[in-house]
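Geometric and topological summary
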Amino acid sequence: MSVFLASAIAFSLAAHALAQDASERLVEVSSIGKSRSGRTLQLLRLAHPEPDSLGRTPDQRPALLIVAGLDARHEIGPRVARSLVDRLVTNHADLLRDRTVYIIPDLNPDNAAFFARAGAPKSDFGRTIVEYDADRDARVNEDPAEDLNADGLITMMRVKHPPPATGLTADLIPDPDDPRIMRKPDPAKGEAPTHALLIEGLDNDGDGRFNEDGPHGSAGGGVDLNMNFPALWPEHADGAGPYSLSEPESLALVRWMLTRDNIVCVLVFGPHDNLLNIPEAGRNAPDGREPLGIESDDKPYYEEIARLFKDTTGMTGAPKGPDAAGSFHQWAYAHFAVHAFTTPVWVRPDLVKAKEAEKPADADADAEKPADADQPDESPADAIRREFQAAGAPQFIIDFMVATPEERAELMAQAQDRTPEEQRERMAAVMALPEELRAKVMAVAQGQQVQPSAPPRAGGRQQGARPAQGAQGAASRARESDDAKWLKYSDEQRNREGFADWQPFDHPQLGPVEIGGFVPGFRANPPESEWTRLADEQTAFAAALLGKLPDLAVELHAVERLSTGLWRITVRGVNTRYFPTASAIARKARRLPPIVLDLRVEQDAVVAGQRITRWDNIDGSGGAAYAEWTVAAPDGSAITLDIRSAALGNRTLTITLTEDQR
Amino acid sequence: MRIAHAVLAACTLAAGGAAPAVAQPHVEGRVEIAFNRYYTYAELEDHMKRIAAAYPDLVELREIGRSLQGRSLWVAIVNSPKTGPHTTKPAMWIDGNVHGNEVQSAEAVLYSLWYLTKAYGQVPSLTDLLDRCSFYFMVSVNPDGREYWFDEANTPHSSRSNQRPVDDDRDGLFDEDPPDDLDGDGSITQMWIRDPDGRWERDKHDPRVFRRVRDDQRGEWTLLGSEGIDNDGDGRINEDGPGGDDMNRNWPSGWKPSYAQGGAGEFPFSNPETRAVGDFIMAHPNIAAGQSYHNAGGMILRGPGAQFRENLYPRSDARVYDEIARIGEDMLSYYRSMIIWRDLYTVHGGFVNWLAEGLGIISFTNELWTNARYFQRDISNPDDERMWLFRDRLQFGLAFKDYTEFDHPQHGPVLVGGLNKWSSRSTPTFMLEEECHRNFAFTMFHADHMPLLAFERVETARAGDGLWTVTVQVRNDRLIPSRTAIQAQRRIGTNDLLTCEPLAGGRVAASGSMNTWRDTRIDPVPFEPARVQLPAGVPGRGSVIHRFYVEGKPGETVRIRYTGERAKDIETTITLGD
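Residues numbered from 1 in each chain as written. Chains lettered and ligands numbered in written order. Predicted model: local features only at pLDDT ≥ 70, side-chain atom pairs only at ≥ 80, totals over all residues. Heavy atoms only, no water.

**Examining the overall build of chain B**
When its secondary structure is counted, chain B shows 12 helices and 23 strands. The buried share of chain B, reckoned over its 578 residues, is 57%. Accessible surface, chain B: about 23800 Å² in total, of which carbon and sulfur atoms supply 50%. (Helix = DSSP H or I, 4+ residues; strand = E, 2+ residues; numbered from the N terminus. Buried < 20%, exposed > 50% of the residue type's maximum accessible area, 1.4 Å probe, protein only. Areas by Shrake-Rupley, 256 points an atom, 1.4 Å probe, with all protein chains shown as cover.)

Printed below as a string of structure tokens:
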């Protein structure tokens, strides 16, 4: 063995031991409760265990919570959630000094165990496993699906011209272009329905309905955890549960989260996407208060995180997924009142545009621009520069407008150090701009993206709002159904493993039928070869998200002696990161108190200012807030200021009343 | 002789046989309770235990959980076991006092438990009712709030919530600035301060009265607000008192978080009290009627709590509500039938809303006591002058605390006093029994209209060679259907079942429903003809007719059974033949 090789092995062993040690030290394994069948609902906490520079324990630091496995069909979620642990601890340990990551990798372990039992067919059933009379017939779980053709899968049955005695109605046809696909007939083309489509199985209870009550991939039974949370809970809907949080799993999660006020951001791996499909902003439920999507003032943050997500994962499109009513992420946002994101982690490859592939699309869009558009080759930054220069805006505004978000944060942080006169001057310069430009500056200052002004296009269509029409190929692709795209993917890239071809079967109750369809789980889960890539992508995204969690620095800004025994104290709080200390929904929901500054003096000693001062929010990227008191206190004495923040940690400042403190 | 007679009477009662006609309309009971006074929760518990001990056959006192502060939550299950276990009969849920300060609602439930148990075997109509139905009585859903109202200084309106600490003023501290009983009278009253710019003067003849001066006159007093000091030194008084969750906003149907519905709690059933009640009710699908007592206002309230949930009250259900409530208006003098969102205010996550909308149970909330009852004439809201007459001459001044001087740490010398916590909302004690009785009677009327099923007609006829028809009419003789329309529409609970079982093993070849007895054709059920599901049950004051085609020989017996969650199951047999 060469010396080089030996040392290389020794080095890698040491590195491995180091990583092992790190994960043991930084990862704490515990549980948030038990599933209905008594399985542990595992919680992994990633954090340096010792108190941080502010004395905060891991459960007192701003935290990101990652949850997966609510819908057990989404197997990739728990897998990636688990693989984040080592990756974050090994590669991003520095982030875990003053921040915490909680990972709940599998909220529905009963389901996995149910389908892991010997001989259980693979099935598209992601709900909880619970005794539930889905069809209200006083028999529980009596009509589950069956793997009739013993291929290890619960797929579908199609019945051609079902006789009336079966109670079935034909409403579909096999698509002539690809007869594997069942679709609605188009009467305009002279098509009439020929087939009924059912889940594979028997009518066990003889009630004329197939597979309507049972957990084996049936149409009914069980509770969908993503329909069981109280936000917009879809009362009475199949799968919603008898009441919200009826399931031990959803209840345990909510109860635990309500003991963790330090969770300031939530990321869900599951069938929903709200990163590439940003929820509707500014609309409320009929009660007039609860948002249907997100608050308008939170939208810029969702847009920025969407950009971050695209950058880190390369994913540019995703199906929106099921309705968000009753979902965990909707609750985490609208009731727990933090920014909550959700991604399916993996999507069909045609929805992931490679970076290079994006370019031609942009070129097409440019080519489509009408001839009278201003300088079509100009970059947005150049266009903004030109626009502001034309209006005579001072250079500092132009610099601000064309800066990258990071540069802008830096500029805004610098602005805090300017004298009040300078700040007023600069504000006046902004106010002097034409109204349209002024609005753009304000929007950018609030973290939004703006476009240079351009004459409205023909038909008022916004740039990039829709894919280009016209090209034959594109148009026909657009008409391709989702099923067709999945089949194409299965055929071309997955060796046809995604679809069980229709096979004739002699059904004991229905006579000749065909059994086949998409392999359960195929459309939700990637092949094993993709696991590493996806874990890396989501690690990068989680780490980036972690870098944006708000944090609060509070410092003594000024102590001024106004007279003997009369002092003016100014304290400044700065949010050093990207997210605001309180999201728009947090400010609306008021689940937690704001940042409270409690000056520990007698009420009578406060000559001016509020003894208890509240900071409702401090915007991120260097946003600051001030609190000022004039107090009567002996020269040289010390005053205690308690700063309370449920999310960002409590702390205390001791203020000594001596001259010229900064 | 007299003793012998009494013993005889006692034996008759104990045997549960028909009681001898009572000479006067007084119903003797084994437990004496005065209903011209109020009871602490401990006293209520004691009364319930005495009743349970005195009527062991009728009453099971069950602890269904503990309150946040560890008090037992009791449900008294009242049932006549000789007609079957309580779970086999339609049942009525009756509770009170979910709002801690709404005290008489607990006495109303206790009265109901007391009267019903003593009436059994003595009052024929109530005996009959208790033979058909069972009752779940919960005197107080919020014993912590009740005890806090009795033990601590309060107003008529305070201590509504539970005792879970909530940071009302959002300063990161909990319950740190409650009101303070500065004059030690057991109530939170008012504080007045002398003020040359004040707009009030004290009446020269009656110093209890502060009167607003005319615009051109000079006043002497200003109302500072309710009694208390600035405990936490933040410049505000009484801004963060104990408790916070309104437990009548903590139920899962239409639940909204606290920024959309004040007091909602952290999530539905987040409180031990509401969860215990919820678990009990969901474990008893035989509950077909509900009443939850509150104060005040003289209302018979039903849902929905919000306009956008009107669709959860299908027309046929709404008619049942209206018919019961209309008679209630006659039974409960000065009470009015109202819809919560339309006639009161919008409520999300209320208890009767959960019963009605989540579970499809015909349920009301009665708001006990109304100012119209002070004078019992056409004076619905007596003016202050009349009220002094009532307070002085009928309550002998007990609802008022004289003003006394107090040296307030923030305000200096102030006057403390005024109307105490008994001065409104709670029924004046001398009128309490009547209020309890009328409401008890209303709930018994409501309970009486829970589904009551019977086979109206069962007939068989030859339909072919070895084939017979068995035609069955099931009648519901009461207002409430065996499954409410919302249950059918929203698939709540288990469908009713009508089964036909040829005991000799014959086959039921077909079956179907008919509109009238004279129909010659059936509307066939396509599957399971011998086990017919009825999602809509049997309508109120109506019937269903169903015909089975049974294969068999003459003389063979067929068993017909109707089962439903909210009606007592019925069963009959018929012998095949002409």
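**Thoughts on the environment of Leu153(A)**
All names here are of chain A. Here leucine 153 lies in the loop between α3 (109–116) and β5 (156–160). For leucine 153, a relative accessible area of 14% corresponds to the buried category. Considering only alpha carbons, one finds leucine 153 and lysine 122, 31 residues apart in sequence, at a separation of 4.7 Å. Leucine 153 has contacts with Pro121, Lys122, Asp147, Glu200, Ala500, Val519 and Pro520, leaving out every residue within four places of it along the chain. (Contact = heavy atoms within 4.5 Å.)

**Points about the sheet that holds strand β17 (residues 496–502) of chain B**
All names here are of chain B. Pairing within the open sheet is antiparallel, and its 4 strands lie in the order β20-β17-β22-β23. Of all the strands in the sheet, the pair left with one neighbour each is β20 (531–534) and β23 (567–575). When the angles between neighbouring strand axes are averaged without regard to direction, this sheet yields 15°. By the bridge criterion, 4 bridges tie β17 to β20 in an arrangement that is antiparallel. Looking across to β20, one finds that leucine 498 is bridged to valine 532. (Pairing = 2+ DSSP bridges. Axes fitted to C-alpha atoms, helices over the stretch in contact; angles between N-to-C directions.)

**Some words on the sheet that holds strand β16 (residues 467–476) of chain B**
All names here are of chain B. Overall, antiparallel pairing links the 5 strands, which are arranged β15-β16-β21-β18-β19 in an open sheet. Among the strands making up the open sheet, the edge pair consists of β15 (453–464) and β19 (523–524). With 10 bridges connecting them, β16 and strand β21 (residues 542–551) associate as antiparallel partners. Among the inter-strand pairings, tryptophan 468 is bridged to a residue of β21, identified as valine 550.

**So, the pairing of β21(B)**
Residue and element names in this part refer to chain B. Counting buried residues in β21 gives 7 out of 10 residues, a clear majority hidden from the surface. Note that strand β18 (residues 508–514) and β21 share 6 bridges and pair antiparallel. By the bridge assignment, valine 508 is partnered in β21 with valine 550.

**Regarding empty space enclosed by the protein**
Residue and element names in this part refer to chain A. For the coordinates displayed, the defined rule picks out 6 cavities of 30 Å³ or more. For the largest cavity, the calculated volume is near 50 Å³. Forming the boundary of the largest cavity are Asn274, Pro279, Gly293, Ile294, Tyr302, His329, Gln330, Tyr333 and Ala340. Considering each element in turn, the lining of the largest cavity owes the most residues, 3 residues, to helix α6 (residues 328–334). Tallied by class, residues from the lining of the largest cavity come to 5 nonpolar, 4 polar and no charged. (1 Å grid on protein atoms, 1.4 Å probe; cavity = no way out; pocket = protein on both sides within 12 Å on 5 of 7 lines; lining within 4 Å. Points joined across faces, edges and corners; volume = space filled by probe spheres on them. Nonpolar A, V, L, I, M, F, W, Y, C, P; charged D, E, K, R; others polar.)

Worth remembering: the numbers are spatial, not functional.
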